[in-house]
Amino acid sequence: MTSESGGLDQFRLAFREEARELLVELESNLLEMNERPEDGELVGNVFRALHTIKGSGAMFGFEDLATFTHNLENAFDEVRKGRLAVTPELVDLTLSALDQIRAMAEADDGETAADPAACTEILARLRALMGKGEDAAGSIRHTAPAAKPVQGAANELGAAIEPRVQPGSGPEQAWKIRFAPGPDLMRNGADPLLLVRELRGIGRLTVEASTAGIPSLRELEPERCYVSWEMVLAIPAGGDRGQDAARAAGEDAIRDVFIFVEDSCELTIEPARVEPLADAALANTGAKEPVSTAVCTADVTARALEEKRRSPGRRATDQPDSASSLRVPAARLDQLVDLVGELVTVQARLSEFAAQSQENEVLAVAEEIERLTSALRENSMTLRMLPIRATFERFRRLVHDLARDLGKNVELTIEGAETELDKTVIDQLGDPLMHLIRNSMDHGVELPESRVAGGKRRMAKIHLSARHSGASVLIAVSDDGAGIDTEAVRARAIERGLAGADDPLTETEIFSFIFQPGFSTAKEVTDISGRGVGMDVVRQRVESLRGAIEVTSQRGAGTTVTLRLPLTLAIIDGLLVKIGDAFFVLPLASTLECIELTREEVEQANGKHVAYVRGEIVPYIRLRQYFNVGTPPPEREQIMVVECEDGRCGLVVDQVLGNCQTVIRNLGRFYRHVQVVSGATILGNGAVALILDPQRLVQEAIRAKIQRGGSRSCGTTRENGHPRGGTHQNATEHSVGAGVRAGASR
Amino acid sequence: MKQVLTVDDSSSVRQMVGFTLRKAGYEVVEAVDGRQGIEKARAQKCDLVITDLNMPQMDGIQMIAGVRQLPGYSFTPILMLTTESQPEKKDAGRKAGATGWIVKPFQAEQLIAVVQKLVR
């Protein structure tokens with residue numbers, strides 16, 4: 001094992017991951033403890049988590065961490081025993097200790113990431129809390145990095161294994177050992193025969209079994225060992241050690257054999273002289289030993305019979321599930337998903353080729369492969385799905401700490417924590433959410449006094465929620481605070497030249513200014529927010545995830561910021577469509593149906609872009625026009641009816657080619673601002689198709705229409721007063737031009 | 001092949017024990033707490049049980065007593081993982097029927113040495 005440092009590293013990593021999880025759990029337990037200080041179960045949980053961190057930390061070489069955590073564990077042991085009360089101070093202190101533990105766990109070999117001064121202070125305050133001033137010296141020993149209280153304990157066992165006497169050429173030492181098992185020895189799982197064998201590993205052994213203690217059959221308890229042994233052990237002397245030292249080591253080695261049974265047997269170990277006679281006896285072992293072995297065997301047989309009788313068919317039970325879940329490095333999953341992506345692309349080529357070849361057998365194989373690839377893709381995508389719980393739970397601590405620092409009363413409620421999202425999305429969500437929560441805490445939530453004065457509950461509420469909506473996940477941060485002061489934002493926007501003094505601005509447009517770089521209405525910059533950095537970052541991050549932000553706010557009642565994020569970033573099911581010579585992909589999840597649009601219908605609509613779908617009016621966007629495709633339209637066009645947040649809307653294309661599994665490729669930095677295209681994909685024939693974002697397309701169209709001041713024939717079927725969404729105030733004008741021109745339009 | 005059941009709420013310890021023993025030629029079954037430990041022991045006869053003491057749901061001491069009661073486990077060696085801070089736990093474990101103990105932290109070689117002491 002020691003030769004494989006790789007093994008140890010692997011365990012260190014495993015420990016690190018485990019510690020991370022335990023720390024998150026500890027944090028939420030501690031925060032709950034603040035509310036329910038009397039809850040014994042919480043105390044038990046905290047104690048156990050600390051205990052595990054300490055124990056495992058010491059196992060894998062995190063001595064400083066183990067020592068430090070040991071002190072905390074002690075404190076919570078006191079709490080458990082009712083000798084120490086749970087106070088906000090204890091909770092705060094423990095929370096700050098967790099930060100140090102986290103730093104220690106993340107530190108690499110030989111580096112100290114934790115703050116020694118902070119650690120010392122935490123321990124000092126902890127001792128003060130525990131009221132053990134007089135005992136301080138003893139505790140300080142624990143804090144010194146050099147002191148390793150675990151060391152002594154390790155020796156206890158170390159001694160049991162290490163001092164195997166080295167064979168040497170010197171004189172032998174002999175020991176006489178009498179060993180009589182007590183009544184419980186075998187019932188506790190020890191096996192006298194194994195002990196004897198272990199002794200034989202140390203030196204040459206003569207064994208004599210005494211069967212005198214075996215009672216008559218009527219009195220015999222079958223689970224008890226009645227045999228005792230007299231043994232002489234000749235240990236080869238260790239090389240150059242002094243005689244006394246050698247003898248001590250010899251005796252230790254023998255005692256170590258019996259370390260687990262000391263208390264349940266009679267054991268005497270005394271030195272014996274090595275005599276020629278003894279040697280003769282040793283030579284004679286062959287004759288004597290079988291006796292003892294025979295007795296043991298009889299004993300073993302009895303035991304075996306007994307067990308057999310009591311457990312009929314013990315092996316008949318089915319194989320247990322040895323591991324219900326498995327830890328796999330995220331990088332391997334990413335690699336798998338990448339490979340599946342490649343496979344999907346190749347499969348598309350195969351299908352294309354098969355369709356051209358017109359050979360039934362090739363077609364059959366291609367279809368089979370298509371089916372399998374699709375199943376494999378869905379399967380591998382679910383592997384990366386994680387509930388958002390851990391990300392959400394992390395913020396309890398943030399809210400707790402900020403509330404304390406700001407002197408506000410805030411509770412955090414969480415909804416939909418079980419909602420699953422791709423791990424790559426979750427990983428990048430932490431920062432934006434943190435900024436949003438900080439913002440709510442600082443600007444949204446009022447001080448308790450002004451809340452009460454305004455007739456609100458003293459305790460403010462921040463609500464984090466997640467839910468699925470089609471191919472997207474909606475994550476919302478809402479507060480019941482003061483809401484956004486639209487006039488102040490508007491004034492600031494005009495002042496900064498973002499809007500003209502008498503521009504007619506919708507509420508949505510006003511809110512979108514919040515996400516401009518460096519935009520802040522805060523009168524003073526605080527520690528928490530107000531530099532106008534956060535929201536800008538939020539927008540960038542969310543957009544890089546192909547998501548969108550939406551803000552709703554009501555003065556005096558609160559603000560809700562909703563992030564709309566795609567479920568996955570890698571592969572989607574799409575519908576392949578054609579406009580002119582260009583291919584596009586629409587996400588299948590947002591597509592409702594396809595209907596035909598004839599030239600006749602277009603003429604009847606009097607220039608309005610609306611279609612009648614089963615008595616319902618559906619407005620549509622002609623993508624051919626939108627992308628400036630110059631070729632003449634076909635006689636019959638197709639309307640893809642899509643569902644988006646603003647209702648139903650149609651997208652008109654020339655031709656619908658069919659389903660396709662789509663590996664999403666990023667367009668790269670230059671095209672990042674092209675909002676209506678969420679990526680590109682490579683088709684089976686090698687052509688590139690742009691993946692459209694229907695939501696954005698519709699929003700863009702609505703916005704463009706409003707800016708032109710035209711009638712809202714391009715609105716959606718849902719009659720809402722003003723368009724929602726759209727934080728991309730100065731996004732591209734709608735002439736995006738099929739992909740290639742998109743870059744140039746900026 | 002000898003079956004070893006390792007019961008620990010710490011995944012890193014389970015992983016370490018499992019890895020070490022599998023490499024030494026044992027078959028290893030894992031459980032995350034006492035209750036699951038008893039279930040697994042019942043489902044499949046193990047030749048050795050290694051258990052942590054402090055665990056949620058059911059602690060190690062209770063589990064040791066429970067396993068001892070299971071058919072076929074009268075003489076099965078049971079090792080407990082203790083820490084330096086709880087000598088009283090060692091006694092309680094012995095009373096419940098534990099065969100021996102290993103003091104945490106321990107190294108892989110120590111683990112194997114003790115396991116070999118108890119299982120042929």
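Preceding this paragraph is the structure being described.
All figures in this text were calculated on a predicted structure; none of them were measured in a lab. Each chain has its residues counted from 1, following the order in which its sequence is written. The naming scheme follows written order: chains are lettered A onward, ligands numbered 1 onward. Given that this is a predicted model, residues contribute local features only at a pLDDT of at least 70 and side-chain atom pairs are listed and counted only at 80 or more, while totals for whole chains, interfaces and linings are drawn from all residues. Note that the side-chain values use all heavy atoms of the structure and ignore hydrogens as well as water.

J.: Account for the overall build of chain B, naming residues and giving values.
T.: Under the scheme used here, helices are H or I runs from DSSP no shorter than 4 residues and strands are E runs no shorter than 2 residues, and both carry numbers assigned from the N terminus. Within chain B, the regular secondary structure consists of five helices and five strands. Going from N to C terminus, chain B has its helices and strands arranged as β-α-β-α-β-α-β-α-β-α. Looking at the 120 residues of chain B, the share that counts as buried comes to 67%. Considering only intrachain contacts with a sequence separation of at least 6, the fraction spanning at least 24 residues in chain B is 62%. In this description, accessible areas are obtained by the Shrake-Rupley approach with a 1.4 Å probe, and a residue is regarded as covered only by the protein chains that are shown. Total accessible area on chain B is roughly 3800 Å²; 49% of this is exposed by carbon and sulfur atoms. For every residue, the accessible area (1.4 Å probe, protein chains only) is compared with the maximum for its type, and the residue is labelled buried under 20%, exposed over 50%, or partly exposed between those bounds. Residues count as neighbours in contact if any of their non-hydrogen atoms are within 4.5 Å of one another.

J.: Help me get a handle on the pattern of salt bridges, residues and values and all.
T.: Between side chains of opposite charge, pairing is possible as soon as their charged atoms come close. Residue and element names in this part refer to chain A. Whenever a carboxyl oxygen of Asp or Glu lies within 4 Å of a side-chain nitrogen of Lys or Arg, that contact is scored as a salt bridge. Per the stated rule, a full pass over the model turns up 45 salt bridges over all chains. Residues Arg397 and Asp401 are paired through a salt bridge, measuring 3.1 Å at the closest nitrogen-oxygen approach. Note that Arg397 and Asp401 are positioned in helix 14 (residues 389-406) at a spacing of four residues, about one turn of the helix. Relative accessible area serves as the criterion here: at 10%, Arg397 is assigned to the buried category. On the accessibility criterion, Asp401 (19% relative accessible area) is buried. Here the residues in one salt-bridge network are Glu27, Asp99, Arg102, Arg397 and Asp401, joined through shared partners.

J.: Break down unusual backbone geometry for me, with residues and values.
T.: The step from Lys104(B) to Pro105(B) runs through a cis peptide bond, and the omega angle for that step is -5 degrees. As for its placement among the helices and strands, Pro105(B) is situated in the loop between strand 5 (100-104) and helix 5 (108-118). Of note in the backbone geometry, Gln358(A) takes a positive phi value of approximately 65 degrees without being a glycine. By secondary structure assignment, the location of Gln358(A) is in the loop between helix 12 (330-357) and helix 13 (360-383). Taking relative accessible area as the criterion, Gln358(A) reaches 61% and is therefore assigned exposed.

J.: Got a sec to walk through the sheet that holds strand 1 (residues 173-181) of chain A? Specific residues and values, please.
T.: Each strand in a sheet pairs with another by means of backbone hydrogen bonds, the pair being arranged parallel or else antiparallel. All names here are of chain A. Across the sheet, which stays open at both edges, the four strands sit in the order 2-3-1-4 with antiparallel pairing between neighbours. For this open sheet the edge positions go to strand 2 (204-210) and strand 4 (265-272), each flanked by a neighbour on one side alone. Strand-to-strand twist of the sheet, defined as the mean angle between neighbouring strand axes without regard to direction, takes the value 15 degrees. Two strands are counted as paired when DSSP detects at least two bridges linking them. Relative to strand 3 (residues 228-235), strand 2 runs antiparallel, the two sharing seven bridges. Across the sheet, residue Val207 finds its bridge partner in strand 3, namely Met231. Packed onto the sheet, helix 8 (residues 192-202) meets strand 1, strand 2 and strand 3 and runs at close to 15 degrees relative to strand 3. Only the stretch in contact is used when fitting a helix axis, every axis being a line fitted to C-alpha atoms; angles between N-to-C directions are given from 0 to 180 degrees. Helix-sheet contacts for helix 9 (residues 243-257) involve strand 1, strand 3 and strand 4, and the interaxial angle to strand 1 is about 25 degrees.

J.: Any chance you could break down helix 9 of chain A for me, citing the residues and the numbers?
T.: Residues and elements named next belong to chain A. Expected span of a helix: the number of residues minus one, times 1.5 Å. If you check helix 9, its first and last C-alpha atoms are 21 Å apart, about what 15 residues at 1.5 Å a residue would give, namely 21 Å. Along helix 9, the residues classified as buried are Ala246, Ala249, Gly250, Ala253, Ile254, Asp256 and Val257. Down the axis of helix 9, the buried side of the element spans an arc of 160 degrees, and every buried residue falls inside it. Directions are taken from the helix axis to each C-beta atom, and the arc is the one they span.

J.: An account of a negative patch on the surface is requested, with residue identities and associated values reported.
T.: Where like charges cluster on the molecular surface, the negative patch consists of Glu262(A), Asp263(A), Glu88(B) and Asp91(B). In this structure, Glu88(B) sits in helix 4 (residues 87-96). Exposure above 30% relative accessible area and the lack of any salt bridge qualify a residue for a patch; like charges then connect within 9 Å, and the nonpolar side chains Val, Leu, Ile, Met, Phe, Trp and Tyr within 5 Å. Charged-residue counts in this description rest on Lys and Arg as positive and Asp and Glu as negative, His and the chain ends being excluded. A charged residue contributes its charge at one atom only: NZ of Lys, CZ of Arg, CG of Asp or CD of Glu.

J.: Describe in detail the side chain of Glu637(A), supporting the description with residues and values.
T.: Residues and elements named next belong to chain A. With respect to the element layout, Glu637 can be found in strand 17 (residues 636-644). Of note is the side chain of Glu637, whose polar atom sits 2.5 Å from the side chain of Arg622. Contact partners of Glu637, with chain neighbours within four places excluded, come to Ile595, Glu596, Leu597, Arg622, Arg624, Val652, Val653 and Asp654. N or O atoms closer than or at 3.5 Å make up a polar contact, with two conditions inside protein: a donor-capable atom paired with an acceptor-capable one, and, for residues adjacent in sequence, both atoms drawn from side chains.

J.: Outline the pairing of strand 9 (residues 472-479) of chain A, supporting the account with residue identities and numerical values.
T.: Residue and element names in this part refer to chain A. Most of strand 9 sits inside the fold, with eight of its eight residues counted as buried. By the alternation rule, side chains of strand 9 split into Ser472, Leu474, Ala476 and Ser478 and Val473, Ile475, Val477 and Asp479, which are all buried. Pairing analysis gives eight bridges linking strand 8 (residues 460-469) to strand 9, with the strands arranged antiparallel. What sits directly across from Leu464, in strand 9, is Val477. As paired strands, strand 9 and strand 11 (residues 558-566) are joined by eight bridges and run antiparallel to one another. Each residue of the ladder has a partner; that of Val473, found in strand 11, is Leu565.

J.: Any chance you could break down the nonpolar core for me, citing the residues and the numbers?
T.: A general tendency of soluble globular proteins is for nonpolar side chains to be buried together. Remark: nonpolar core denotes a set of buried residues (Ala, Val, Leu, Ile, Met, Phe, Trp, Tyr, Cys) joined through side-chain atoms within 4.5 Å. By size, the foremost hydrophobic cluster in this structure holds 86 residues, and its most contacted members are Met33(A), Phe68(A), Phe76(A), Leu21(B), Ile50(B), Leu79(B) and Val115(B). At ten residues, helix 4 (residues 88-106) of chain A tops the list of elements feeding residues into this core. Those residues in contact with Leu79(B) that sit more than four places away from it in its chain are Phe260(A), Leu48(B), Val49(B), Ile50(B), Thr51(B), Gly100(B), Trp101(B), Ile102(B), Val114(B), Val115(B) and Leu118(B). Core analysis: the next-biggest nonpolar cluster, separate from the first, contains 46 residues, Ala417(A), Leu436(A), Ala460(A) and Ile514(A) among them.

J.: Run through the sheet that holds strand 19 (residues 655-663) of chain A, naming residues and quoting values.
T.: Residues and elements named next belong to chain A. Reading across from one edge, 19-12-13-21-20 is the order of the five strands in this open sheet, with mixed pairing throughout. Edge strands, defined here as strands with exactly one partner in the open sheet, are strand 19 and strand 20 (677-682). Pairs of neighbouring strands in the sheet enclose a mean axial angle of 35 degrees, with direction left out of account. As paired strands, strand 20 and strand 21 (residues 688-692) are joined by five bridges and run antiparallel to one another. The residue bridging Thr681 from the neighbouring strand is Ala689, located in strand 21. Of the strands in this sheet, strand 12 (571-579), strand 19 and strand 20 touch helix 12, which is tilted by about 150 degrees from strand 19. Of the strands in this sheet, strand 12 and strand 19 touch helix 13, which is tilted by about 130 degrees from strand 12.

J.: Help me get a handle on the packing of helix 4 of chain A against helix 5 (residues 116-130) of chain A, residues and values and all.
T.: Residues and elements named next belong to chain A. Their axes nearest at 10 Å, the elements helix 4 and helix 5 cross at an angle of 150 degrees. Viewed along their axes, helix 4 and helix 5 adopt a mutual orientation that is roughly antiparallel. Once helix 4 is placed against helix 5, the crossing between them reads as left-handed. Here helix 4 contributes Glu89, Leu90, Leu93, Ser96, Ala97, Gln100 and Met104 to the contact with helix 5, which in turn contributes Ala118, Cys119, Ile122, Arg125, Leu126 and Leu129. An angle counts as roughly parallel when it lies under 35 degrees, as roughly antiparallel when it exceeds 145, as roughly perpendicular when it falls between 65 and 115, and as oblique in every other case. Left-handed describes a crossing in which the near helix is turned anticlockwise from the far one by less than a right angle; the clockwise case is right-handed.

J.: Explain the packing of aromatic side chains to me, using residue names and the numbers behind them.
T.: Here a Phe, Tyr or Trp ring, Trp counted by its six-membered ring, pairs with any other such ring whose centre lies within 6.5 Å, and the pair is stacked when the planes are under 30 degrees apart, edge-to-face when over 60, and tilted otherwise. If you walk through the whole model with that rule in mind, you get nine aromatic pairs over all chains. Their ring planes at 35 degrees and their centres at 5.8 Å tell us that Phe11(A) and Phe60(A) sit as a pair that is tilted. Residue Phe11(A) is found in helix 1 (residues 5-35), and its partner Phe60(A) is found in the loop between helix 2 (40-59) and helix 3 (63-80); the two are separated by 49 residues along the sequence. Where Phe15(A) meets Phe60(A), the ring centres are 6.4 Å apart and the plane angle is 45 degrees; that geometry is what we call tilted. Here the residue Phe15(A) occupies a position in helix 1, and Phe60(A) occupies one in the loop between helix 2 and helix 3, the gap between them amounting to 45 residues. Clustering of aromatic rings is evident, with ring pairs tying together Phe11(A), Phe15(A), Phe60(A), Phe62(A) and Phe19(B).

J.: Break down the side chain of Ser10(B) for me, with residues and values.
T.: Mapped onto the fold, Ser10(B) is located in the loop between strand 1 (3-7) and helix 1 (11-23). What Ser10(B) contacts, discounting residues up to four positions off in sequence, is Glu18(A), Thr52(A) and Ser56(A).

J.: Report on the environment of Arg125(A), specifying residues and quantitative values.
T.: Residues and elements named next belong to chain A. Inspection of the secondary structure puts Arg125 in helix 5. In sequence terms Arg125 and Leu93 are 32 residues apart; their C-alpha atoms lie 7.9 Å from each other. The residues touching Arg125, leaving out its near neighbours within four places in the chain, are Glu89 and Leu93.

J.: Pulling in residues and values, what's your account of the packing of helix 4 of chain A against helix 14 of chain A?
T.: Residues and elements named next belong to chain A. The contact between helix 4 and helix 14 brings their axes to 13 Å, and the two run at 125 degrees. With respect to their mutual orientation, helix 4 and helix 14 come out oblique. Judged by the sense of rotation from one axis to the other, the crossing of helix 4 with helix 14 is left-handed. Of helix 14, the residues touching helix 4 (which contributes Asp92, Leu95, Ser96 and Asp99) are Arg397, His400 and Arg404. Here the term charged refers only to Asp, Glu, Lys and Arg, the term nonpolar to Ala, Val, Leu, Ile, Met, Phe, Trp, Tyr, Cys and Pro, and the term polar to all other amino acids, Gly among them. In terms of residue class, the contact of helix 4 with helix 14 is built from one nonpolar, two polar and four charged.

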